[in-house]
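# Notes for the structure review
Each chain is listed here by its residues.
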Amino acid sequence: MYRNFLFVAIIGMIAISPSFAQVDVKVGPLGPLFGTLNLRSEFGLADNFGLEATVGGSWNKINFDEGEDLKNTTLRFGVNGRYYFNPSDIGLDKFYLGLYSRYSSGKARGTGENSDEYNTNRFSGGFPGWIQNLLAQ
C-alpha cells in the first residue's frame, strides 16, 4: 500500500510541474543504497517565493545480535514555504528563510513467528534557511 501511494504522489508531482514557471526537482541518489528514497520538487509561485513538496519513504531491516530482527517501512510527506531575499535573474536561489512541516507514518514488525507490530506517526515543523549559489554569478 505504501509503495502504491508513493508512486501516485510522485506521478502527481510530475504531472502538475509544467503548470508552474520554475520547477526544481531533486532526488537523493545515494538514498536507495541505505534503504530510503526522497523526491523534492520546488514550485516557484512568485519572483521571490517558492513552495517545496517532499514525498519519500524508507525500508530498513535492523539486525540485532540476539533475538529477532526488525523490518521497518515508513512513508513521509512535507511542505516547505521559502521566501528568497535576493534571488538572481535565473530564478529562486541564494539565501532563503521559511517554514516547513513534515509528517511520517510507518510500521515496524519483528521477523519472528509471533512478533508484534508497531505503528509510528510523527509530525514536525520548523524554520529552515539556506544559502545557495552565492558564488555563482
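Above this text sits the structure in question.
A brief structural summary. For clarity, every value in this text was computed on a predicted model and none was experimentally measured.

## Structural notes on the overall build of the protein
The helix and strand inventory of the protein stands at 1 helix and 7 strands. Along the chain direction, N to C, the helices and strands of the protein fall in the order α-β-β-β-β-β-β-β. Buried positions account for 30% of the 137 residues belonging to the protein. Contacts spanning at least 24 positions in sequence make up 50% of the contacts within the protein whose residues lie at least 6 apart. Looking at the protein as shown, the accessible area adds up to about 9400 Å², and 60% of this sits on carbon and sulfur atoms.

## Some details on the environment of N86
If you trace the backbone, N86 turns up in the loop between β4 (70-84) and β5 (96-110). Sequence separation of N86 and D47 is 39 residues, and the distance between their C-alpha atoms is 9.7 Å.

## Focus: a nonpolar patch on the surface
Taken together, the side chains of L45, F49, L51, V79, Y83, F85, F95 and L97 define a hydrophobic patch exposed on the protein surface, amounting to about 670 Å² of accessible area. Secondary-structure elements contributing two or more residues to the nonpolar patch are β3 (49-62) and β4. The residue F49 is located in strand β3 in this model.

## Some remarks on the environment of G31
Looking at the secondary structure, you find G31 in the loop between β1 (23-27) and β2 (36-46). For G31, a relative accessible area of 16% gives the class buried. Once the C-alpha coordinates of G31 and G57 are considered, the two residues, 26 residues apart in sequence, prove to be 9.9 Å apart.

## Section: the side chain of R82
Looking at where R82 falls in the secondary structure, it is placed in strand β4. Accessibility expressed as a relative area gives 5% for R82, which makes it buried. Of note is the side chain of R82, whose polar atom sits 3.0 Å from the side chain of E42. At a separation of 3.3 Å, a polar atom in the side chain of R82 contacts the side chain of Y84.

About the criteria used
Residues numbered from 1 in each chain as written. Predicted model: local features only at pLDDT ≥ 70, side-chain atom pairs only at ≥ 80, totals over all residues. Heavy atoms only, no water. Helix = DSSP H or I, 4+ residues; strand = E, 2+ residues; numbered from the N terminus. Buried < 20%, exposed > 50% of the residue type's maximum accessible area, 1.4 Å probe, protein only. Contact = heavy atoms within 4.5 Å. Areas by Shrake-Rupley, 256 points an atom, 1.4 Å probe, with all protein chains shown as cover. Patch = residues over 30% accessible without salt bridge, like charges linked within 9 Å, V, L, I, M, F, W, Y side chains within 5 Å. Salt bridge = Lys/Arg side-chain N within 4 Å of Asp/Glu carboxyl O. Polar contact = N/O pair within 3.5 Å; in protein donor to acceptor, adjacent residues only side chain to side chain.

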